[in-house]
Amino acid sequence: MDLRESREDVAFRAEVQAFVAASLPASLRERVLGFTHLEREDYITWQRILHARGWGAPGWPREFGGTGWSARQRAIFEEACFEGGAPRQMPFGLSMVGPVLMKFGTAAQRARFLPRIVSNEDWWCQGYSEPGAGSDLASLKTRAERRGDAFVVTGQKTWTSFAHWANWIFCLVRTRTDGKPQAGISFLLIDMSSPGVRVKPIRTLDQGADVNEVFLDEVAVPAENLVGGEHGGWTIAKYLLGHERTNIAGIGMCRRLLKRLKEIAGSELKGGRSLLADPLFRRRLSQLEIELLSHEWSLMRLISLEQAGKPIGTEASILKVRGSEIQQELGRLLMECAGPYALPYLPEALDSLFGGETAGGLLRNALAAQYLDLRKVSIYGGTNEVQKNIIAQSVLR
Ligand SMILES: Cc1cc2nc3c(=O)[nH]c(=O)nc-3n(C[C@H](O)[C@H](O)[C@H](O)COP(=O)(O)OP(=O)(O)OC[C@H]3O[C@@H](n4cnc5c(N)ncnc54)[C@H](O)[C@@H]3O)c2cc1C
């Protein structure tokens, strides 16, 4: 196992850093690094810039319009983009339904959907979770009944990220109620403009509205939008979750937060003294930096194994747990920078059109929101408790 960065890797990192510095609009970078809310158009702008450079689908093979990069190059790319203040590339098309279509889709499905994911003409969302089916996903109840050339879908999805911006949703639906719950699930692609689809926002702790409930009432879905055969959805669901988890190590995000934390804690915060001058704060910061470094080495070990053709298993769960813990601790330290100004938090000040004032200034206000927002990372993509069960069952037994 060779964990050193090669000369080519170092040159590639510099190339991506230079590209991000030159191509990312300054106002967008400022908003990303200032932790304010982004608009749909902001994500699309960045995706189109990457697409024009040929970097729209970093994780995809060349034959589908991807870069054909190695896992290490992908990690370098993601880190450089995050550190440079770029919006994240939305995972629902690129890391979820895209790879699913490459493996399980028909030629017609690939030709129709894959190019529109890279160019961001389609915005996808993920319809897995339901009010009674989160960690226990196999208990999902949304029904799809075959009627001639269509499936008629009725049920409810919840926590659907960015459903209010999406024009397509991929859904796990129940096509059979007898037998094992896992054996009666199918994977359907649903046009969000179909009659019977309704999206209702859910307000989160930071008063953001990225997540939604999606109601499906007798929605007719053409049978050609079934992926992987009737009742074959569970295999796809597991395949997709594997992809979701490897992206969730969050190294780029951790590095961005750490860099911002050092900048903010190093600036004058109170009475001419910065937080970095405080020995207690410095100790916590150093400890966290050490933990992040060891987390990065774990990811590199995993990438090295993957490149040697070894399957990734439980290690992905370990990365997910550590990545989310480190992000949350960084969020906690960031909020401490806001001090008492974190308390009178004003959600509307995170909108780009806000022209007013907040106690302590806009940045301090946003630090509180960032702390609240980061609570989610230990829940989505499979909760940390469930990941720990997986680790315990496969490593510690
Ligand atoms: C911000 C955000 C965005 C999301 N986006 C999406 C999305 O786009 N699409 C989508 O389909 N879903 C999405 N989700 C849903 C997410 O996948 C679920 O919230 C998650 O799987 C947990 O399910 P649940 O919320 O139903 O909690 P539950 O499964 O009910 O769990 C509740 C608590 O019990 C614990 N628990 C459950 N089972 C076990 C067990 N066996 N052992 C130990 N502890 C256990 C959990 O860890 C948790 O603490 C999102 C969630 C959040 C917070």
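The sections below set out a description of the structure shown in this document. Just so it is clear, the model here is predicted, and its values are computed rather than measured.

A look at the overall build of the protein chain
Phase 1 of the analysis: Along its length, the protein chain carries twelve helices and eight strands.
Phase 2 of the analysis: Radius of gyration (C-alpha) of the protein chain: 22 Å, near the 21 Å computed for a compact globule of 397 residues.
Phase 3 of the analysis: Its C-alpha atoms put the protein chain at 75 × 50 × 50 Å along the principal axes.
Phase 4 of the analysis: Counting all 397 residues of the protein chain, 49% fall into the buried class.
Phase 5 of the analysis: For the protein chain, long-range pairs separated by at least 24 residues make up 73% of all intrachain contacts whose partners lie at least 6 apart in sequence.
Phase 6 of the analysis: With the model as given, the accessible surface of the protein chain reaches about 18,700 Å², and the carbon-plus-sulfur share is 53%.
Phase 7 of the analysis: In the protein chain, 49 positive and 45 negative side-chain charges are present, and the distance between their average locations comes to 4 Å.

A word on the nonpolar core
Phase 1 of the analysis: In terms of nonpolar packing, the biggest core is built from 74 residues, with Phe170, Phe187 and Leu189 touching the most fellow members.
Phase 2 of the analysis: The element that contributes the greatest number of residues to this core is helix 5 (residues 91–104), accounting for seven residues.
Phase 3 of the analysis: With residues up to four places along the chain from it excluded, the contact list for Phe187 reads Val97, Val100, Tyr128, Phe170, Cys171, Leu172, Asn225, Leu226, Val227, Gly233, Ile236 and Leu240.
Phase 4 of the analysis: Counting residues in hydrophobic clusters, the runner-up holds 28 residues, among them Phe281, Ala369, Leu374 and Val377.

Here's the deal with the packing of helix 4 (residues 71–83) against helix 8 (residues 251–266)
Phase 1 of the analysis: Here helix 4 crosses helix 8 at 30°, and the two axes come no closer than 8 Å. Taken together, helix 4 and helix 8 sit at an angle that is classed as roughly parallel. Every pair of crossing elements has a handedness; the one defined by helix 4 and helix 8 is right-handed. Here Glu79, Cys81, Phe82 and Glu83 of helix 4 come into contact with helix 8, specifically with Ile251, Gly252, Met253, Arg255, Arg256 and Lys259.
Phase 2 of the analysis: The class makeup of the residues in the contact of helix 4 with helix 8 is four nonpolar, one polar and five charged.

What to know about unusual backbone geometry
Both trends apply: most residues other than glycine have a negative phi, and most peptide bonds are in trans.
Phase 1 of the analysis: The backbone phi angle of Phe35 is positive, close to 60°, even though this residue is not glycine.
Phase 2 of the analysis: Mapped onto the fold, Phe35 is located in the loop between helix 2 (26–33) and helix 3 (40–52).
Phase 3 of the analysis: Residue classification places Phe35 among the buried residues on the basis of a relative accessible area of 9%.
Phase 4 of the analysis: Phi angles above zero are rare outside glycine, and Gln207 is one such case at about 70°.
Phase 5 of the analysis: Assignment of secondary structure puts Gln207 in the loop between strand 6 (197–202) and strand 7 (211–222).
Phase 6 of the analysis: A relative accessible area of 39% places Gln207 in the partly exposed class.

Notes on helix 4
Phase 1 of the analysis: The terminal C-alpha atoms of helix 4 lie 18 Å apart, and with 13 residues this matches the ideal 18 Å at 1.5 Å per residue to within 8%.
Phase 2 of the analysis: What helix 4 keeps buried is the set Ala71, Arg72, Ala75, Ile76, Phe77, Glu79, Ala80, Cys81 and Phe82.
Phase 3 of the analysis: Buried positions along helix 4 lie against helix 1 (7–23), helix 3, helix 8 and helix 9 (279–307).
Phase 4 of the analysis: Backbone geometry just downstream of helix 4 places Gly85 in the positive-phi region, at approximately 85°.

As for the environment of Phe12
Phase 1 of the analysis: Structurally, the position occupied by Phe12 is in helix 1.
Phase 2 of the analysis: Given the relative accessible area of 8%, Phe12 is considered buried.
Phase 3 of the analysis: With residues up to four places along the chain from it excluded, the contact list for Phe12 reads Trp69, Gln73, Ile76 and Phe77.

A short note on the site of the ligand
Phase 1 of the analysis: Taken together, 17 residues form the shell around the ligand, and within it Ser129, Ser135, Trp159, Thr383 and Glu385 come nearest.
Phase 2 of the analysis: Contact between the ligand and Ser161: a nitrogen atom at 2.8 Å from a side-chain N or O atom of the residue.
Phase 3 of the analysis: Note that an oxygen atom of the ligand is positioned 2.7 Å from one of the side-chain N or O atoms of Thr383.
Phase 4 of the analysis: For the ligand, whose accessible area on its own is 970 Å², the fraction buried by protein is 65%.
Phase 5 of the analysis: Elements that contribute at least two residues to the shell around the ligand include exactly strand 3 (150–161) and helix 12 (384–395).
Phase 6 of the analysis: By residue class, the composition of the shell around the ligand is seven nonpolar, eight polar and two charged.

Details of the packing of aromatic side chains
Phase 1 of the analysis: Using the criterion set out here, one finds 20 aromatic pairs in the structure.
Phase 2 of the analysis: An angle of 75° between the planes, with centres 5.5 Å apart, marks the rings of Phe113 and Trp124 as edge-to-face. One end of the pair, Phe113, is in helix 6 (residues 107–118); the other, Trp124, is in strand 1 (residues 124–127), with eleven residues separating them in the sequence.
Phase 3 of the analysis: Here a set of aromatic residues connected by ring pairs shows up, and it is made of Phe12, Phe19, Trp46, Trp55, Trp69 and Phe77.
Phase 4 of the analysis: Its end group placed over the ring of Phe19, Arg53 keeps NZ or CZ at 5.9 Å from the ring centre.
Phase 5 of the analysis: Arg198 extends its terminal NZ or CZ atom over the ring of Phe215, reaching a point 4.5 Å from the ring centre.

What to know about the pairing of strand 2 (residues 143–147)
Both faces of the sheet carry side chains from a regular strand, because those side chains alternate between them.
Phase 1 of the analysis: Bridge count between strand 2 and strand 3: five bridges; the pairing is antiparallel. Residue pairing for strand 3: Arg143 is matched across the bridge by Thr154.
Phase 2 of the analysis: The turn linking strand 2 back onto strand 3 is made up of two residues, and Gly148 within it adopts a positive phi angle of 65°.

Re the side chain of Ser378
Phase 1 of the analysis: Residue position: Ser378 is located in the loop between helix 11 (362–373) and helix 12.
Phase 2 of the analysis: Within the structure, the side chain of Ser378 is placed 2.9 Å from the side chain of Gln328, a separation counted as a polar contact.
Phase 3 of the analysis: Other than its neighbours up to four places away in sequence, Ser378 contacts Lys320, Ser324, Gln328, Thr383 and Asn384.

Cut-offs applied
Residues numbered from 1 in each chain as written. Predicted model: local features only at pLDDT ≥ 70, side-chain atom pairs only at ≥ 80, totals over all residues. Heavy atoms only, no water. Helix = DSSP H or I, 4+ residues; strand = E, 2+ residues; numbered from the N terminus. Rg over C-alpha atoms; globule rule 2.2 N^0.38 Å. Buried < 20%, exposed > 50% of the residue type's maximum accessible area, 1.4 Å probe, protein only. Contact = heavy atoms within 4.5 Å. Areas by Shrake-Rupley, 256 points an atom, 1.4 Å probe, with all protein chains shown as cover. Lys, Arg positive; Asp, Glu negative; His and termini not counted. Charge placed at Lys NZ, Arg CZ, Asp CG, Glu CD. Core = buried A, V, L, I, M, F, W, Y, C linked by side-chain atoms within 4.5 Å. Axes fitted to C-alpha atoms, helices over the stretch in contact; angles between N-to-C directions. Parallel < 35°, antiparallel > 145°, perpendicular 65-115°, else oblique. Left-handed = near helix turned anticlockwise from the far one by under 90°. Nonpolar A, V, L, I, M, F, W, Y, C, P; charged D, E, K, R; others polar. Expected span 1.5 Å × (residues − 1). Near = heavy atom within 4 Å. Polar contact = N/O pair within 3.5 Å; in protein donor to acceptor, adjacent residues only side chain to side chain. Phe/Tyr/Trp six-rings, centres within 6.5 Å; stacked < 30°, edge-to-face > 60°. Lys NZ or Arg CZ within 6 Å of the ring centre and 35° of its normal. Pairing = 2+ DSSP bridges.

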